[in-house]
Amino acid sequence: MSAQLLAGTGLTRQYPGRPRPALDRVDVTVDSGVSLGIVGESGAGKSTLLRLLLGVDRPSSGTVSFGGQPLARVPRHDFRRQVQVVFQDPRSSLNPRMTVASIVAEPLRSLKIGNGRADRADRVAEVLTSVGLSPDDGRRYPHEFSGGQRQRIAIARALAPSPRLLLADEPVSALDVSVRLQILDLLRGLVDTLGLTLVLVSHDLAIVSQLCQRVTVMRHGRVVESGPTATVLERPTQDYTRALLAAIPRLPADLAVPLGDAAALPTIRTEETA
């Protein structure tokens, strides 16, 4: 049985001036080595839940725990080293004035990881290679890269401190369709290779189905359904989940390209190589 890594119990978040809480008594559990998808439409409370799990916001009531300890008792340095995040838009999440090497090394410097500059440079080269970029790319700036490449840089930065848990907030929604498949394939490979635990926030059940073993479906700040992804997709118990499934675009069988075969897709823009 997997050990519980991160959990939220009875999480409620009420913002002043709003009649309805952004989160209403939400329970969520992330087991070590198990990928969890959190899905729902805009306004469902997904991003609010993510902020609480990251510790950047506090619940109005309820508790967040990490490794079985209340988050408030976990040393911030330890938590930040073990939990990293990839944001939705790589253009806004990367400092345009910093080189790629400096961006990727930033968590190493702030968390005081590595024995000096040379050691950190070796780690930067290692993670850039792991996401399909060249160590020489470290000398360049974010604006010199395509959207897919920028998201690879953001993933490399998150991987630099060797976290146990990766939180990804709509990591492909800002990318072209062909590039989305490549980034999803990259994430799946990294999760398998590095043994990462993944929490993927998305409005798209199709994306979650490709990457996550478990899924939590949210609506209006509440969990309406959760369980193994295959079970929820094949036998949903809630009308809302069925509506999300019905909204997934379907391609004819002869045009569908499974995840892992992104290279089979035509290149939409020659400069947009992820």
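Above this text sits the structure in question.
To start, this report covers the structure provided alongside it. Residue indices follow the written sequence of each chain, beginning from 1 at its first position. Totals for whole chains, interfaces and linings use every residue, but because this is a predicted model, local features are given only for residues with pLDDT of at least 70 and side-chain atom pairs only at 80 or more, for both listing and counting. For side-chain calculations, the full set of non-hydrogen atoms in the structure is used, while hydrogens and water are omitted.

Looking at the overall build of the protein chain
- Secondary structure counts use DSSP, requiring at least four H or I residues in a row for a helix and at least two E residues in a row for a strand, with both numbered from the N terminus. In terms of helices and strands, the protein chain carries ten helices and ten strands.
- With the radius of gyration taken over C-alpha atoms, the globule rule is written as 2.2 Å times the number of residues to the power 0.38. A compact globule built from 274 residues should have a C-alpha radius of gyration of about 19 Å, and the protein chain, at 19 Å, falls within 12% of that.
- If one aligns the C-alpha atoms of the protein chain with their principal axes, the spans along those axes are about 55 × 50 × 40 Å.
- Taken across its 274 residues, the protein chain has 48% of its residues classed as buried.
- Residues count as neighbours in contact if any of their non-hydrogen atoms are within 4.5 Å of one another. Residue pairs in contact within the protein chain that sit at least 24 positions apart in sequence constitute 69% of those at least 6 positions apart.
- Within the structure as shown, the protein chain displays about 13,800 Å² of accessible surface, and the carbon and sulfur contribution to it stands at 49%.
- The averaged location of the 27 negative side-chain charges in the protein chain is 8 Å from the averaged location of its 33 positive side-chain charges. Only protein chains enter the area calculation, which uses a 1.4 Å probe; residues under 20% of their type maximum are buried, those over 50% are exposed, and those in between are partly exposed. Note on areas: Shrake-Rupley with a 1.4 Å probe; residue coverage comes only from the protein chains shown. When charges are counted, Lys and Arg contribute as positive and Asp and Glu as negative, whereas His and the chain ends are disregarded. All charge positions are set by atom: Lys at NZ, Arg at CZ, Asp at CG, Glu at CD.

Comments concerning the sheet that holds strand β6 (residues 83–86)
- Within the open sheet, the six strands sit side by side as β6-β7-β8-β3-β9-β10. Their pairing is mixed. At either end of the open sheet lies a strand with only one pairing partner, and these are β6 and β10 (222–228). Across the sheet, the mean angle from the axis of one strand to that of its neighbour is 15°, orientation sign disregarded.
- Of the strand pairs in this sheet, β6 and strand β7 (residues 165–169) are connected by four bridges, and their pairing is parallel. Of the residues in β7, the one forming a bridge with Val83 is Leu165. When DSSP finds two or more bridges between a pair of strands, those strands are recorded as paired. Working convention: axes come from line fits to C-alpha atoms, limited for helices to the stretch in contact. Angles between N-to-C directions cover 0 to 180 degrees.

Describing the pattern of salt bridges
- For salt bridges, the criterion is a side-chain nitrogen of Lys or Arg within 4 Å of an Asp or Glu carboxyl oxygen. Considering all chains together, one arrives at ten salt bridges under this definition.
- With its nearest N and O atoms 2.7 Å apart, the salt bridge here joins Asp24 to Arg222. Separated by 198 residues along the polypeptide, Asp24 in strand β2 (residues 23–31) and Arg222 in strand β10 bring together distant segments of the chain.
- For Asp24, a relative accessible area of 15% translates into the label buried.
- Judged by relative accessible area, Arg222 falls into the partly exposed class, the value being 43%.
- Among the ionic pairs, Arg123 bridges to Glu126, the shortest N-O distance being 3.1 Å. Note that Arg123 and Glu126 are positioned in helix α5 (residues 117–130) at a spacing of three residues, about one turn of the helix.
- Judged by relative accessible area, Glu126 falls into the partly exposed class, the value being 47%.
- Residues joined by salt bridges that share partners form a network here, namely Asp24, Arg25 and Arg222.

Topic: the sheet that holds strand β1 (residues 4–13)
- Spatially, four strands are ordered β2-β1-β4-β5 in an open sheet, and the strand pairing comes out antiparallel. Taken across any chain shown, the strands that pair with only one partner, and hence form the sheet edges, are β2 and β5 (69–70).
- Looking at chain direction, β1 and β2 are connected through six bridges and run antiparallel. Following the sheet pairing, Leu11 is matched in β2 by Val26.

By themselves, these observations are geometric and do not establish any function.
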